[in-house]
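An overview of the molecular structure
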Amino acid sequence: MATTNLQFRIATADDASKVQQIVQSAFQTNDSRPDWTGNVELASKFRIPVEEVQAKIANPDITTFVALDADKDNALVGCIDVSKRGTDYARISMLAVDDSYQRGGVGRQVLAYAEDYCRRTWGTEKFSLNALSTRKALIEWYNRRGYRKTGTSPFPFREALEGISGLPDDLCFIEMEKA
Ligand SMILES: CC(C)(COP(=O)(O)OP(=O)(O)OC[C@H]1O[C@@H](n2cnc3c(N)ncnc32)[C@H](O)[C@@H]1OP(=O)(O)O)[C@@H](O)C(=O)NCCC(=O)NCCS
């Protein structure tokens, strides 16, 4: 598959509903790559209200980027957000790529763009993010992008686990850092 010709810009309030759709459907997708999705039933319960996306876009401490396919009328195909947490440290979240664009190198480009923006704009030298502990292949993907496990944090949405079997008792978020 040819590399997608991506353009990036900071998200505006008008992007909120499209970003919400991309994030929600990307997280719900049952990816066929082993251990990429983790628990499919849990993934299918993932919801992000449009108000949460609107609040992120409006928050001056968070910069949300959208990735656009320059060869497809600038269709919105991915997103990510970054927040400056210290003089040399930024937190990354809400990385998502439209289902139909996944596995084509878009996620890699979106993450690299966000890191590069932080370096250029804030002089960031250290990045952190987290991933659900069951998503082994995703964690390895972050390893290939230079992230290393630093610890764990609790999975806070315990009610979402009700009735789901096959989840480990120690389900948590793996905290990762790249320096
Ligand atoms: C995580 C996510 C953003 C990755 O996006 P993506 O566009 O699929 O990522 P890439 O194409 O850059 O990389 C995907 C990996 O798939 C594999 N891959 C790439 N092309 C492939 C192909 N043709 N066939 C099979 N696998 C392929 C490679 O292993 C690649 O990793 P590598 O670059 O280290 O070799 C995307 O899966 C997503 O939106 N998931 C749901 C939301 C989510 O989980 N976000 C992260 C929360 S912590």
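Residue positions are given per chain, counted from 1 along the sequence in the order it is written. Where totals are concerned, whole chains, interfaces and linings use all residues; where local detail is concerned, this predicted model gives features only for residues with pLDDT of at least 70, and gives and counts side-chain atom pairs only at 80 or more. The basis for the side-chain values is all heavy atoms of the structure; hydrogens and waters are excluded.

Identification of the protein as Acyl-CoA N-acyltransferase from Talaromyces proteolyticus is taken from an unreviewed UniProt entry.

Notes on the overall build of the protein
Secondary structure assignment for the protein yields five helices and seven strands. Ordered by position from N to C terminus, the α and β elements of the protein give β-α-α-α-β-β-β-α-β-α-β-β. For the radius of gyration, the atoms used are the C-alpha atoms, and the globule rule reads 2.2 Å times the number of residues raised to 0.38. Here the C-alpha radius of gyration of the protein, 16 Å, is about what a compact globule of 179 residues would show, namely 16 Å. Along the longest, intermediate and shortest principal axes, the C-alpha atoms of the protein span 40 × 35 × 35 Å. By the burial criterion, 48% of the 179 residues in the protein qualify as buried. Whether two residues touch is decided by their heavy atoms; if any such pair falls within 4.5 Å, the residues are in contact. Expressed as a percentage of contacts within the protein between residues at least 6 apart in sequence, the contacts between residues at least 24 apart total 67%. With residues, only the protein chains shown are counted as cover, and all accessible areas are computed by Shrake-Rupley using a 1.4 Å probe. As displayed, the protein offers around 9,400 Å² of accessible surface, 48% of which is attributable to carbon and sulfur atoms. In this tally, Asp and Glu contribute negative charge and Lys and Arg positive charge; neither His nor the terminal groups of the chain are included. To locate a charge, take NZ of a lysine, CZ of an arginine, CG of an aspartate or CD of a glutamate. Charge-centre separation for the protein: the mean point of 23 positive side chains lies 5 Å from the mean point of 25 negative side chains. Only DSSP runs of H or I reaching four residues or more are called helices, and only runs of E reaching two or more are called strands; each is numbered from the N terminus. Each residue gets one of three labels from its accessible area relative to the maximum for its type: buried under 20%, exposed over 50%, partly exposed in between, using a 1.4 Å probe on protein chains only.

Observations regarding the UniProt feature "domain: N-acetyltransferase" (unreviewed entry) in the protein
Mapped onto the present numbering, the UniProt feature "domain: N-acetyltransferase" (unreviewed entry) falls at residues 6–179. Across residues 6–179 one finds 30% helix and 30% strand; the C-alpha atoms that close the span lie 26 Å apart. UniProt positions are given in the numbering used here, feature names are shortened, and annotations may be inferred rather than shown by experiment.

Describing the environment of S128
Within the secondary structure layout, S128 lies in strand 5 (residues 126–132). Separated by 21 residues in the primary sequence, S128 and K149 have C-alpha atoms spaced 9.6 Å apart. In contact with S128, not counting residues within four places along its chain, are Y89, A90, R91, I92, M176 and E177. Identification of polar contacts relies on pairs of N or O atoms within 3.5 Å, with a donor-acceptor requirement for protein atoms, meaning one able to donate a hydrogen and the other able to accept it, and with residues adjacent in sequence counted only if both atoms are side-chain atoms. In terms of polar contacts, S128 uses its side chain to reach the side chain of Y89, at 2.9 Å.

Remarks on the packing of aromatic side chains
Each aromatic pair joins two rings of Phe, Tyr and Trp (for Trp, the six-membered one) with centres within 6.5 Å, and gets the label stacked for planes under 30 degrees apart, edge-to-face for over 60, and tilted for any other angle. Enumeration according to the criterion identifies 10 aromatic pairs in this entry. With 5.7 Å between their ring centres and 85° between their planes, Y117 and W122 make a pair best called edge-to-face. Judged by relative accessible area, which is 15%, Y117 ranks as buried. Plain terms: the ring middles of F155 and F157 are 5.5 Å apart, the flat faces sit at 85° to each other, and that makes the pair edge-to-face.

Things to note about unusual backbone geometry
Of note, the phi angle at N74 is positive, near 55°, even though the residue is not glycine. Residue placement: N74 occurs in the loop between strand 2 (62–69) and strand 3 (75–84). Since its relative accessible area comes to 41%, N74 is described here as partly exposed. In the Ramachandran plot, R103 falls in the positive-phi region, its phi being about 70° despite a non-glycine side chain. Residue position: R103 is located in the loop between strand 4 (89–97) and helix 4 (106–122).

What to know about the site of the ligand
As a matter of local geometry, the ligand sits amid 21 residues, with R33, R103, G105, R135 and R144 nearest to it. In this structure, R108 approaches the ligand through a main-chain N or O atom, which is 2.8 Å from an oxygen atom. Protein chains bury 78% of the 950 Å² of accessible surface belonging to the ligand in isolation. Mapped onto the shell around the ligand, the elements with two or more residues apiece are helix 1 (16–28), strand 4, helix 4 and helix 5 (136–144). Think of it as three bins: nonpolar holds Ala, Val, Leu, Ile, Met, Phe, Trp, Tyr, Cys and Pro, charged holds Asp, Glu, Lys and Arg, and polar takes everything else, Gly as well. The residue inventory of the shell around the ligand, partitioned by class, reads 10 nonpolar, five polar and six charged. Only a single heavy atom is needed: when it lies within 4 Å of a molecule or strand, its residue is near that molecule or strand.

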